[in-house]
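A look at the structure
So the chains spell out like this:
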Amino acid sequence: MDYLMTDEQKMIRELARKIAVEKIKPVAAEFDKTEKFPWEIIKIIAESDLFGLFIPEEYGGMSVGVFNLCLATEELSRACGGIAVCYAASALGTFPIVLFGNDEQKRKYLPDLAKGKKLAAFGITEPEAGSDASGIKTTAKKVDDHYVLNGMKHFITNGGDADTYVVIAMTDKNKGARGASAFILEKGMPGFTFGKKEDKLGIRASSTSELIFTDCKVPKENLLSKEGMGFIVTMKTFDVSRPGVAAQALGIAQGALDVAVKYSRERVQFGKSISSFQGIQWMLADMATSIEAARGLVYSCAREIDAGVKDVAKDSAMAKLFASDVAMKVATDAVQILGGYGYMKDYPAEKYMRDAKITQIYEGTNQVQRNIIALQLIKEMAK
């Protein structure tokens, strides 16, 4: 479907697709195998100005919004979800600064992020605080002109490779979620180190690591918004970043369908290609229809955000929920269509299935998304 894109949007999509086909696809399997961070690809993406899509012009970006970010993420993910998430996760770490940073903070951090000279990451998840973001244990104590952070974060995408981190810590444990605050940290700050790098099922080209804070001194100027705003910073960030996860899922699903269609045309059984069998045709038709339905939902939500719609929590959760479930179903069906070959690493279908799974988990599991959707529905009906 055309989705009435502007010439600029079509250009962004084609640029990302060109990078995906020419630079990412040929090396996707190798990066998946070695778990090497794709700095070479990140440099190419940076030189193409794709990191500036979601950053205002006055801070070095292109100020074109979430929809264009989704277009780029989808196309990159079509070739490799692991490499694409290195790009998308930097957007996740950048959004809190775009949304809540003061002018001084934006001028300090956004220009380098917009040019891809530095990557960003967002740190909230802890061993005892995953879906329950209000249960974080990392603390931040105000001491003179700085804060002292102690604790740890884990499962942080871009952890160790990013230079700029937005970290959520408790400044007042007695206030529960209202006692959380957000801080901008820089790689190399005394007391800020990195722990275990995770060995993952999928998105293996991206780094997922622990962040460790041991009496880490953070200047008071690095407090985002004000004390007690950490939970709101997190929720508002997820509202605008979840369409990006949905776009990643969308790209993975489309990539898996591409593989399935190509194989079905080439694979001959009983004297003819399996694409001529009604059973296969129906699977392909359902896969394509589900992807297009997800695409419509994701694009619509992204456009709402860019148009300034304030309450997008429900729509954002719906986009992430539906697109990631579609990705997992489509990728699994792609493996099925390839049969025994689909199960082998010599073919890309199994990688799409492994990469798809995480989209149902991070930035809020799909069970949490259903909670958000239901609560918003109930709230709307009460008005």
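Residues numbered from 1 in each chain as written. Predicted model: local features only at pLDDT ≥ 70, side-chain atom pairs only at ≥ 80, totals over all residues. Heavy atoms only, no water.

**Details of the overall build of the chain**
Rules: Where helices and strands are cited, they refer to DSSP runs of H or I of at least four residues and of E of at least two residues respectively, numbered from the N terminus. The globule rule is 2.2 Å times the number of residues to the power 0.38, and the radius of gyration it is compared with is taken over C-alpha atoms. Here's how the labels work: a residue is buried when its accessible area is under 20% of the maximum for its type, exposed when over 50%, partly exposed in between, all with a 1.4 Å probe on protein chains only. Any two residues whose heavy atoms approach within 4.5 Å at even a single point are treated as in contact. Residue-level accessible areas treat just the shown protein chains as cover; the underlying method is Shrake-Rupley with a 1.4 Å probe.
Check the secondary structure of the chain and you find eleven helices and ten strands. At 21 Å, the chain has a C-alpha radius of gyration in line with the 21 Å of a compact globule built from 383 residues. Expressed along its principal axes, the backbone C-alpha trace of the chain runs to roughly 80 × 50 × 40 Å. Scored against the burial criterion, the 383 residues of the chain give a buried share of 56%. A sequence separation of at least 24 residues applies to 74% of the contacts in the chain between residues at least 6 apart. Of the roughly 17000 Å² that the chain leaves accessible, carbon and sulfur atoms contribute 55%.

**Points about the packing of aromatic side chains**
Rule in force here: Aromatic pairing here means that ring centres of Phe, Tyr or Trp (its six-membered ring) are within 6.5 Å. Orientation follows from the plane angle: under 30 degrees is stacked, over 60 is edge-to-face, and everything else is tilted.
Taken as a whole and judged by the stated rule, the model has 16 aromatic pairs. Pairing Phe37 with Trp39 gives two aromatic rings, centres 4.7 Å apart and planes at 55 degrees, and the pair type is tilted. Pairwise contacts between aromatic rings join Phe51, Phe54, Tyr87 and Phe95 into one cluster.

**A short note on helix α4 (residues 66–79)**
To keep it simple, the criterion reads: Expected helix span is taken as 1.5 Å per residue step, with the number of steps being one fewer than the number of residues.
Over its 14 residues, α4 extends 20 Å from the first C-alpha to the last, a length consistent with the 20 Å expected when each residue adds 1.5 Å. Counting buried positions over the 14 residues of α4 gives 13, a clear majority of the element.

**Topic: a nonpolar patch on the surface**
So the rule is basically this: Patch definition: residues with relative accessible area over 30% and no salt bridge; like charges joined within 9 Å; nonpolar side chains (Val, Leu, Ile, Met, Phe, Trp, Tyr) joined within 5 Å. Salt bridge, as used here, is a side-chain nitrogen of Lys or Arg placed within 4 Å of a carboxyl oxygen of Asp or Glu.
Residues Tyr341, Tyr343, Met344 and Tyr347 make up a contiguous nonpolar surface patch of roughly 450 Å² in combined accessible area. Here Tyr347 shows up in the loop between α9 (313–338) and α10 (349–358).

**Some details on the pattern of salt bridges**
If you walk through the whole model with that rule in mind, you get 25 salt bridges. Here Glu292 ties to Arg295 by a salt bridge, and the two come within 3.1 Å at their closest N and O atoms. Within this pair, Glu292 and its partner Arg295 are both found in helix α8 (residues 278–306), separated by three residues, close to a single helical turn. You can call Glu292 partly exposed: its relative accessible area is 22%.

**Thoughts on the packing of helix α5 (residues 81–100) against helix α7 (residues 230–266)**
What counts, and what does not: Axis geometry follows a simple rule: fit a line to the C-alpha atoms, using only the stretch in contact for helices, then measure angles between N-to-C directions, giving values from 0 to 180 degrees. In this scheme, roughly parallel covers angles under 35 degrees and roughly antiparallel covers those over 145, while 65 to 115 is roughly perpendicular and the rest are oblique. Helix crossings fall into two classes, left-handed where the near helix is turned counterclockwise from the far one by less than a right angle and right-handed where it is turned clockwise. When residues are grouped by polarity, Ala, Val, Leu, Ile, Met, Phe, Trp, Tyr, Cys and Pro land in nonpolar, Asp, Glu, Lys and Arg in charged, and all others, Gly among them, in polar.
Direction vectors running N to C along α5 and α7 enclose 155 degrees, while the axes themselves pass 9 Å from each other. One finds that α5 runs roughly antiparallel with respect to α7. The two elements α5 and α7 meet at a crossing, and its hand is right-handed. Facing α5, whose interface residues are Gly81, Val85, Leu92, Phe95, Pro96, Leu99 and Phe100, α7 presents Ile232, Val233, Lys236, Thr237, Phe238, Val240, Ser241, Gln248 and Ile252. Class assignment of the residues belonging to the contact of α5 with α7 gives a composition of eleven nonpolar, four polar and one charged.

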